[in-house]
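Listed here are the chains, written in short residue letters.
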Amino acid sequence: MIYNEEYETMPRQALEALQLKRLQKQIARVYATVPYYAGKMDEAGVTPADIKTLADIQKLPFTTKEDLRKNYPFGLFTVPMEEVVRIHASSGTTGQPTVVGYTKKDIKMWAELMARSLNAAGAHAKDTIHNAYGYGLFTGGLGAHYGAEELGATVVPISGGNSKRQIMLMKDFKSTVLLCTPSYALNLAETMVDMGVDPKDLALKVGVFGAEPWSENMREEIQAKLGIKAIDIYGLSEIIGPGVAVECIEEQKGLHIMEDHFLAEIVDPDTFAPLALGEKGELVFTTLTKEAFPVIRYRTKDFSRIITTPCSCGRSFYKMEKVTGRSDDMMIIRGVNVFPSQIEHVLMSIEGVEPHYLIIVDRKGNLDTLEVQVEVSEAIFSDEIKQLENLTKRIQTEIKDLLGVSCKATLVEPKTIQRSEGKAQRVIDKRKI
Amino acid sequence: MKVEQIAIFLENKSGRMAEITATLAQNGINIRAMSLADTADFGILRLIVNDTDKARKVLKDSGFTVGTTQVLVAEVSDKPGGLAHVLQIIKEGNLNIEYMYAFTQKSGGTGLIIFRFDELDRAIELLAKEHIRLLSGDEVYAI
Ligand SMILES: [Zn+2]
């Protein structure tokens, strides 16, 4: 199912020509309207006229979250406030929030991208979409909402929280599509078990999950527990929100980037040198059509690679590999880079281990310590000490084998690890407290 | 001859044992035998109660991880050498004891030992052959 056939299946050559035309226009507009960007370009000795090919984008300076903070709140907007119809902002757990703005046209474009995304995930106008992304300054709720309406589906704007009521309404409304974070999907699955609700009693067929990195094993877990297809969607507020890239239900392997509106690059995370297509590194995006808040070469801190292999769904857009880690989430433990998703991958590969875990990093003396807490479900419980100790040893060994870091696996009682209603808190780093 | 035992996972934090016994008491469940095995990080509480299914349900509802296993309850004479005799039989039969614990009856000259074997059926056969009396579940639940 392709929402906008003309653009989503455009031959590569025509698509790249369109990208270049839009890029040139965008750079010229940003240079003319945002003194901060113009200053950075002048400093780098580059003018809009220097952008003659798509590869010329590499001449432009990067934009980082730091640039956004420096211009808090509206310094990077290209239009007067009367043309801005919506503001969103990041939670800003570290320092100032980052603020983004949208014109009417931006909102319309975003809605189309979300409609395309939902359509790629197998949703149609006749679906009832249960939108449990948080509504508010976070882009998830409203972004998905406008897309679902654009698609013509029935939206249930439930937002996050109160899982029992969510389940009751999904059942009563016969909702067919679930939108939330992957960790909240698992929370809902668990609550169903507690309520004695069989997922088969619900009409759900697919879930579109995003806003946090999640592993392939987590996907399998969600699919098995809810009896649905789990689709990954990617986006970040600095670019537009959800709908920057999405998996197609045909392959569930790699997320098609909405290349008619965003130009993706992969750069070396340390040197920021551009990497060849297919190499893994940090994702960098330039918005090609956004009006109120365009970004140029925005460093996302997400790690991925570009997949150029043609997809069976018929879209010509290149895909990005599922993001399994953000450099923001990366922990350095005894000099080794560790992502929570790697630990999740190990845990989920062990039969019976529940997808609820907590990583605790601490420092004893000069040595970093890594503890992984896992809840004891009935599936892994044994009346024999030896069996439980074998389990913790197995977790420790597999993590050590994969990451090269020793850890201590601790078993904890069921439901003692906090459940997520949005983005899951997986790590407590006591070294930072 | 098989007796149902429930096992409960416990983190080593204070008050959990009290919560379990209170939960059972509120639901009119009597504990017949108990043993706590623990490590530095966690413990496993094993219980034989008069109503296994109900105990399992109320503890699960209170948020505990509960498992059920089958154990054997053997009667040994309450005299020196009584237990040694049974252990000798088990050793000669090459049976592996996963764990064991004892409880004494209120009256009578016998002690009761609870055994957890991997090879349950072979253990029953062996002990019966050597005339060690194994109590039935009903006998134990009614003690
Ligand atoms: Zn595809």
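This one's a predicted model, so the numbers in the text were calculated from it and none came from an experiment.

Caption draft 1: Region of the structure containing the confidence of the model for chain B. Looking at chain B as a whole, its pLDDT mean stands at 91, while 96% of the residues score no less than 70. Here the complex is predicted with pTM 0.83, and the ipTM for its interfaces comes to 0.89.

Caption draft 2: The arrangement of the pairing of strand 1 (residues 2–11) of chain B in detail. Residue and element names in this part refer to chain B. Summarising burial for strand 1: eight of the ten residues are buried, a large majority. Where strand 1 and strand 4 (residues 66–77) come together, seven bridges link them in antiparallel fashion. Residue pairing across strands places Q5 opposite T69, the latter belonging to strand 4. For strand 1 and strand 3 (residues 42–49), the ladder comprises six bridges, and the chain directions are antiparallel. When the sheet's bridge partners are listed, E11 is paired in strand 3 with F42.

Caption draft 3: Quick look at the coordination of the zinc ion. Binding of the zinc ion to the protein goes through A:C248 (SG), A:H256 (NE2), A:C311 (SG) and A:C313 (SG), at separations of 2.1 to 2.3 Å. Note that the zinc ion binds four donor atoms; their angles at the metal cover 98 to 116°, and the shape is tetrahedral.

Caption draft 4: Layout of helix 3 (residues 82–92) of chain B. All names here are of chain B. The set of residues buried in helix 3 consists of G82, V86, I89 and I90. The arc that holds every buried residue of helix 3, seen down its axis, measures 100°, which confines them to one face. In this structure, helix 3 carries K91 and E92 as exposed residues pointing more than 90 degrees from its buried face. After helix 3 finishes, the residue N94 shows a positive phi value of roughly 55°.

Caption draft 5: Spatial organisation of the interface of chain B and chain A. Each side of the interface is counted separately: chain B has 27 residues, and chain A has 17 residues. Both faces combined, the contact of chain B with chain A buries some 1,700 Å², and carbon together with sulfur accounts for 54% of it. In this assembly, chain B and chain A are joined by seven salt bridges. In this structure, A:E413 engages B:R16 in a salt bridge whose closest nitrogen and oxygen atoms are separated by 2.2 Å. Inspection of the region where chain B meets chain A yields twelve residue pairs in polar contact (both at pLDDT 80 or more). The set of elements that each furnish at least two residues to the side of chain B that touches chain A consists of strand 1, strand 2 (31–38), strand 3, helix 2 (52–61), strand 4 and strand 5 (97–104) of chain B. When the residues that make up the side of chain B that touches chain A are grouped by side-chain class, the tally is ten nonpolar, six polar and eleven charged.

Caption draft 6: Up close: the packing of helix 10 (residues 340–348) of chain A against helix 11 (residues 385–403) of chain A. Residue and element names in this part refer to chain A. In contact at an axis separation of 10 Å, helix 10 and helix 11 are set at 135° when each is read in the N-to-C sense. When the axis of helix 10 is compared with that of helix 11, the two are oblique. Here helix 10 runs over helix 11; the crossing is right-handed. Within the contact between the two elements, helix 10 uses Q342, I343, V346 and L347 and helix 11 uses I395, E398, I399, L402 and L403. Tallied by class, residues from the contact of helix 10 with helix 11 come to seven nonpolar, one polar and one charged.

Caption draft 7: The sheet that holds strand 8 (residues 241–247) of chain A, seen in detail. Residues and elements named next belong to chain A. One open sheet accounts for nine strands, arranged 4-3-5-6-7-8-9-14-13; its pairing is mixed. In the strand order of this sheet, the two ends are held by strand 4 (154–156) and strand 13 (306–307), each with one partner. Relative to strand 6 (residues 206–209), strand 5 (residues 177–180) runs parallel, the two sharing four bridges. Of the residues in strand 6, the one forming a bridge with L179 is V208. Where helix 9 (residues 216–226) meets the sheet, its contacts fall on strand 5, strand 6, strand 7 (229–236) and strand 8, and the angle it forms with strand 7 comes to roughly 130°.

Caption draft 8: Expanded view of a nonpolar patch on the surface. Residues and elements named next belong to chain A. A surface patch of nonpolar side chains, about 340 Å² in accessible area, is lined by F74, M81, I87 and L137. Structurally, the position occupied by M81 is in the loop between helix 4 (65–70) and strand 1 (84–89). The partly exposed category is assigned to M81, whose relative accessible area is 38%.

Caption draft 9: A look at the domain arrangement of chain B. Residues and elements named next belong to chain B. Annotation of chain B at the domain level lists domain 1 (2–70) and domain 2 (72–133). Using C-alpha coordinates to define each centre, domain 1 is positioned 23 Å away from domain 2. Contact residues are listed per partner, giving twelve residues for domain 1 and ten residues for domain 2. Between domain 1 and domain 2, the buried area comes to about 930 Å², and carbon and sulfur atoms account for 62% of it. One salt bridge in this structure joins K2 and D121, with 3.1 Å as the shortest N-O distance. Residue assignment for the side of domain 1 that touches domain 2 shows that the elements contributing at least two residues are strand 1, strand 2, strand 3 and strand 4.

Caption draft 10: A look at the packing of aromatic side chains. All told, the structure shown has eleven aromatic pairs over all chains when counted by the stated rule. Both rings, one in A:F381 and one in B:F9, keep their centres 6.2 Å apart while their planes meet at 85°; by these two values the pair is edge-to-face. Note that A:F381 is positioned in the loop between strand 18 (367–375) and helix 11 and B:F9 in strand 1, a pairing that runs across two chains. For the pair A:F381 and B:F9, a shared accessibility class is recorded, and that class is buried. A network of ring pairs unites the aromatic residues A:F74, A:F77 and A:F293 as a single cluster. Over the ring of A:Y146 we find A:R86; its NZ or CZ atom is 4.6 Å from the centre of that ring. One residue, A:R219, lies across the ring of A:W214, its end atom 5.7 Å from the ring centre.

Parameters and conventions
Residues numbered from 1 in each chain as written. Chains lettered and ligands numbered in written order. Predicted model: local features only at pLDDT ≥ 70, side-chain atom pairs only at ≥ 80, totals over all residues. Heavy atoms only, no water. pLDDT = per-residue confidence, 0-100. Buried < 20%, exposed > 50% of the residue type's maximum accessible area, 1.4 Å probe, protein only. Helix = DSSP H or I, 4+ residues; strand = E, 2+ residues; numbered from the N terminus. Pairing = 2+ DSSP bridges. Donors = N, O, S within 2.8 Å, 3.2 Å for Na, K, Ca; no water. Tetrahedral: all angles 85-135°; square planar, octahedral: opposite > 155°, others 65-115°. Arc of directions from axis to C-beta. Contact = heavy atoms within 4.5 Å. Buried area = accessible area lost by both parts, 1.4 Å probe. Salt bridge = Lys/Arg side-chain N within 4 Å of Asp/Glu carboxyl O. Polar contact = N/O pair within 3.5 Å; in protein donor to acceptor, adjacent residues only side chain to side chain. Nonpolar A, V, L, I, M, F, W, Y, C, P; charged D, E, K, R; others polar. Axes fitted to C-alpha atoms, helices over the stretch in contact; angles between N-to-C directions. Parallel < 35°, antiparallel > 145°, perpendicular 65-115°, else oblique. Left-handed = near helix turned anticlockwise from the far one by under 90°. Patch = residues over 30% accessible without salt bridge, like charges linked within 9 Å, V, L, I, M, F, W, Y side chains within 5 Å. Areas by Shrake-Rupley, 256 points an atom, 1.4 Å probe, with all protein chains shown as cover. Domains from an automatic or database assignment. Phe/Tyr/Trp six-rings, centres within 6.5 Å; stacked < 30°, edge-to-face > 60°. Lys NZ or Arg CZ within 6 Å of the ring centre and 35° of its normal.

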